[in-house]
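What the coordinates show
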Amino acid sequence: MAVDLPAPRVGPLSEAAPRPLRLVLNWGRRYSLWVFNFGLACCAIEFIAASMARHDFIRLGVIPFAPGPRQADLMVVSGTVTDKMAPAIKRLYDQMPEPKYVISFGACSNSGGPYWDSYCVTKGVDQLIPVDVYVPGCPPRPEGLLHGILRLQEKIAGESLSGAAIAARRRPVSAAQVSRPLVGPDDGGPLAPAGTGS
């Protein structure tokens, strides 16, 4: 049985905070993202590579391997999402505190990848939970994840800290969210879906 919880609040004075203070608060949230990695397949190996010494995404203010979803700010879903795994992803996302963010990492997580026509594959994690950044590739390179993190940090820097803005993020996934285009690391423009020839 689902219980409708009250809208989250960052703090009673955050809505009335002057602009310089909001910039400082967003700066703190932007550079202290605790990551909950939901690795389901081969893309999870690329996530681990991005956290190691060569790429070292800790230098970007991203702390890998949060103890659990209740301590995480960012969920990275990497790999093939099956219909059987979908309730677990939704449940763990719901356990994360607000404000929370999701990066869909790899073709399988974005749209089902090469297994899109399987009877048991969810056609993208965005059908279950809201996704903030898509990282294309099969599997994506670690640099793709770094680019996705930078895009997410840009988004966080411009966010409002009001309780209403955070509550708006909790809305159910809509058809408009499911059809959002993928963003490529080259120019930030939308990528054509695979097989369209454009």
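Calculation rules
- Residues numbered from 1 in each chain as written.
- Predicted model: local features only at pLDDT ≥ 70, side-chain atom pairs only at ≥ 80, totals over all residues.
- Heavy atoms only, no water.
- UniProt positions renumbered as here; feature names shortened; annotations may be inferred.
- Helix = DSSP H or I, 4+ residues; strand = E, 2+ residues; numbered from the N terminus.
- Buried < 20%, exposed > 50% of the residue type's maximum accessible area, 1.4 Å probe, protein only.
- Pairing = 2+ DSSP bridges.
- Right-handed = clockwise from strand over helix to strand, strands pointing away.
- Salt bridge = Lys/Arg side-chain N within 4 Å of Asp/Glu carboxyl O.
- Core = buried A, V, L, I, M, F, W, Y, C linked by side-chain atoms within 4.5 Å.
- Contact = heavy atoms within 4.5 Å.

When the UniProt feature table is mapped onto this chain numbering, "transmembrane region" (unreviewed entry) sits at residues 31-50. For residues 31-50, helix accounts for 40% and strand for 35%, while the C-alpha atoms at its two ends are 17 Å apart.

Next up on the list: the pairing of strand 3 (residues 74-78). Most of strand 3 sits inside the fold, with five of its five residues counted as buried. Alignment of strand 1 (residues 33-39) against strand 3, held across five bridges, turns out to be parallel. Paired with valine 35 across the strands is leucine 74, a residue of strand 3. Pairing between strand 3 and strand 4 (residues 101-105): five bridges, direction parallel. Paired with methionine 75 across the bridge in strand 4 is valine 102. In this fold, the crossover linking strand 3 to strand 4 by way of helix 3 (residues 86-95) has right-handed handedness.

With that settled, consider the pattern of salt bridges. Counted by the stated rule, this structure contains four salt bridges. The closest approach of N and O atoms between aspartate 94 and lysine 90, which form a salt bridge, is 3.2 Å. Of the two residues, aspartate 94 and lysine 90 are both situated in helix 3; the distance of four residues between them amounts to about one turn of the helix. A relative accessible area of 45% means that aspartate 94 is categorised as partly exposed. Taking relative accessible area as the criterion, lysine 90 reaches 35% and is therefore assigned partly exposed. Ionic pairing is found between arginine 141 and glutamate 143, a salt bridge with its closest N-O pair at 3.2 Å.

Another aspect to go through is the nonpolar core. Residues Phe57, Leu74, Val76, Ile103, Leu145 and Leu152 are the most contacted members of the largest nonpolar core, which totals 20 residues. For this core, the secondary structure elements donating two or more residues are strand 1, helix 2 (43-51), strand 3, strand 4, strand 5 (133-135) and helix 5 (142-157). The dominant element in this core, judged by the number of residues it contributes, is helix 5, at five residues. Once residues within four sequence positions are removed from consideration, leucine 145 is found in contact with Phe47, Ala50, Phe57, Val76, Ile103, Phe105 and Val135. Phe36, Ala72, Ile89 and Met96 belong to the second-largest nonpolar core, a separate cluster that totals 19 residues.

Counting buried residues along strand 4, five of its five residues qualify, which places the element largely inside the surrounding structure. The side-chain alternation of strand 4 yields two buried faces, one formed by Tyr101, Ile103 and Phe105 and the other by Val102 and Ser104. Here three bridges tie strand 4 to strand 5, and the two strands are oriented parallel to one another. Note on strand 5: the bridge partner recorded for isoleucine 103 is valine 133.

Right, let's get into the environment of threonine 80. With respect to the secondary-structure elements, threonine 80 resides in the loop between strand 3 and helix 3. The buried category is assigned to threonine 80, whose relative accessible area is 15%. Each C-alpha atom, one on threonine 80 and one on glycine 113, is 7.5 Å from the other, the two residues being 33 residues apart in sequence. The residues touching threonine 80, leaving out its near neighbours within four places in the chain, are Leu40, Ala41, Cys108, Tyr115 and Val121.

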